[in-house]
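Report on the structure
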Amino acid sequence: METAYFAIFIGGIFVNNFVLSQSLGICPFLGVSKKTETALGMGLAVIFVMALSSLFTYIVYTWILTPLNIQYIQTIAFILIIASFVQLVEMVLKKFSPSLYGALGVYLPLITTNCAVLGVTLLNVQESYNILEAFLNGLFSGVGFTLAILLLAGIRERLVKSDIPESFKGFPITLIAAAVLSMAFTAFSGMLGG
Amino acid sequence: MSGMDIFITIITPLGILFAIALVFGVILSYAGKKLEVKVDEKEEEVLSLLANANCGACGYPGCSGFAKALCEGKAELNMCSATPGENKKKIAGILGIDAGDTGEKRIVVACGGGLICKDKFEYIGYEDCAMALQTAGGNKACSNGCMGFGNCAKVCPSQAIDIKDNRAEINSNCTKCQSCVKTCPIHIIKAIPENAKVYIKCSSHKKGKEVMDVCKSGCIACGMCVRTCPSGAIVMEDNLPVINYDKCTGCGACADKCPTKCIAKLD
């Protein structure tokens, strides 16, 4: 049993890292990774939304949708739940950290359409996790996202100070950095013996 | 499948979705009350009048940040170039501040040379101002003379620049986007206040004799405009007059007196 949780932990953060291995949630990954500070804020918001929406979508799916045999509305129902959590995060941030709220800008409401979040909830269903596994998968996938965005933000902060050829400045070099980062993460694949 | 079954098949998912939405709606509205952040009414009003382009050119994160800074008196209206002038006046009214210079610009080419200005050599090459400039400092005898290859016209999104007689001219299509101002490699396209009545049609900081040798329409730094101006709005800086548009009344005396007619009147 413990091995299953450990597999989710390693899988969510390294092996099946949402951004670097599955290419999901690229929009905020590139959009808010200019500074480590905002990247961390974004990562924490995503962790919160992923973990709680995993939990709630599991509850809704298992105890509402499945008994009524209407699993086909899962996508729309899940989006509804995710959107609600994003709204909640937005309110909390606006109240307690206006500067972070301002820095995240339009990317905060965009967590709603962050495919990584919807992806994790749908994967929970696909992998038929139990409630704890689903919650942990959401949590660790969020941690994985945070790790990826923090790494890229760290690289980008250094890139600003480096002498980059004119034509590579800005997004091109960022995409290259993201690609190299993603290649590094392929080293983890196969770790779960899958 | 009877009619009732079909009805149930349709109504169940809809009902469930509605129920989920309702539950979360209630939670969110409660949270909204609890976590309410007081937004200044003034701020909202100002925000609605701003361009809401969220371009960030003012240096604040989006228009809401700018509106906040405006209300706190930290920002100036003219930091925004996207908001139309009339809206700025309304905002100034709301905030009880002077609209002053609303930041509206007018684009002028500060060179009257063109064909009048002598060539240093014949440039045969790619027709591009920046490249011509790389070739021994440009083909014009005056280092501040328009070379007329039209880099400005190429970047202009609204075809507002014509090259006439080897010199760029701004026409009425201009939207004041200032792309040309940024592009011109010798920086002779300038943005001046919208209400300006006169402008200096020369950018040469050379002495009178040197200017006279190469261009009949350049500023020779005689200082006539400085002496003529009844409101003291013109000062001579580095062999070129500078007009203080806050003081300028637009009488046009300087343009009338200028011996080389390098001060031009605007309508």
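Residues numbered from 1 in each chain as written. Chains lettered and ligands numbered in written order. Predicted model: local features only at pLDDT ≥ 70, side-chain atom pairs only at ≥ 80, totals over all residues. Heavy atoms only, no water.

Turning our attention to the overall build of chain B. In terms of regular secondary structure, chain B is built from 10 helices and 8 strands. Counting all 267 residues of chain B, 40% fall into the buried class. Sequence separation of 24 or more characterises 53% of the internal contacts of chain B that already satisfy a separation of 6 or more. By element, 56% of the accessible surface of chain B is carried by carbon and sulfur atoms, the whole surface being about 15,000 Å². (Helix = DSSP H or I, 4+ residues; strand = E, 2+ residues; numbered from the N terminus. Buried < 20%, exposed > 50% of the residue type's maximum accessible area, 1.4 Å probe, protein only. Contact = heavy atoms within 4.5 Å. Areas by Shrake-Rupley, 256 points an atom, 1.4 Å probe, with all protein chains shown as cover.)

For chain A, the helix and strand inventory stands at 8 helices and 0 strands. Looking at chain A as a whole, 45% of its 194 residues are labelled buried. Considering only intrachain contacts with a sequence separation of at least 6, the fraction spanning at least 24 residues in chain A is 79%. Working note: accessible area of chain A is about 9,400 Å², and carbon and sulfur atoms make up 68% of it.

With 16 residues of chain B at the contact, the number on the chain A side is 22 residues. Of the roughly 1,500 Å² buried between chain B and chain A on both sides combined, carbon and sulfur atoms contribute 88%. Interface area lost by chain B to chain A is led by Phe24, Leu28 and Leu35 of chain B, which between them contribute 36%. (Buried area = accessible area lost by both parts, 1.4 Å probe.)

Take the confidence of the model for chain A next. When pLDDT is averaged along chain A, the result is 87; 98% of the residues meet or exceed 70. Per-element confidence in chain A is highest for helix H7 (residues 131–161) of chain A, whose mean pLDDT is 92, and lowest for helix H5 (residues 98–104) of chain A, whose mean pLDDT is 77. (pLDDT = per-residue confidence, 0-100.)

A few words on the pairing of strand E2 (residues 161–164) of chain B. It is a general feature of regular strands that their side chains alternate between the two faces of the sheet. Residue and element names in this part refer to chain B. Relative to strand E3 (residues 167–170), E2 is paired through 4 bridges, and the arrangement is antiparallel. Bridge assignment links Ile163 to a residue of E3, and that residue is Ala168. Between E2 and the antiparallel strand that follows it, E3, lie 2 residues; Asp165 among them carries a positive phi value of about 50°. (Pairing = 2+ DSSP bridges.)

Another point: the side chain of Thr174 of chain A. Tracing the chain through its elements places Thr174 of chain A in helix H8 (residues 171–185). The residues touching Thr174 of chain A, leaving out its near neighbours within four places in the chain, are Leu30, Leu152 and Arg156 of chain A.

Before going further, it helps to examine the pattern of salt bridges. All names here are of chain B. This model, assessed by the stated rule, comprises 6 salt bridges over all chains. Residue Lys140 pairs with Asp119 through a salt bridge whose shortest N-O separation is 3.0 Å. One end of the pair, Lys140, is in the loop between helix H5 (129–134) and helix H6 (151–155); the other, Asp119, is in the loop between strand E1 (105–109) and H5, and 21 residues separate them in sequence. According to the relative accessible area criterion, Lys140 is buried, its value standing at 2%. One salt bridge connects Lys164 with Glu169, and the closest N-O pair in it is separated by 3.6 Å. (Salt bridge = Lys/Arg side-chain N within 4 Å of Asp/Glu carboxyl O.)

All names here are of chain B. Judged by how many residues are buried, helix H3 (residues 62–71) sits mostly within the fold: 7 of 10 residues are covered. Three or more residues of H3 are buried, namely Gly62, Cys63, Gly65, Phe66, Ala67, Ala69 and Leu70. Residues of H3 that are buried make contact with helix H2 (41–49) and helix H4 (85–95). After H3 finishes, the residue Gly73 shows a positive phi value of roughly 75°.

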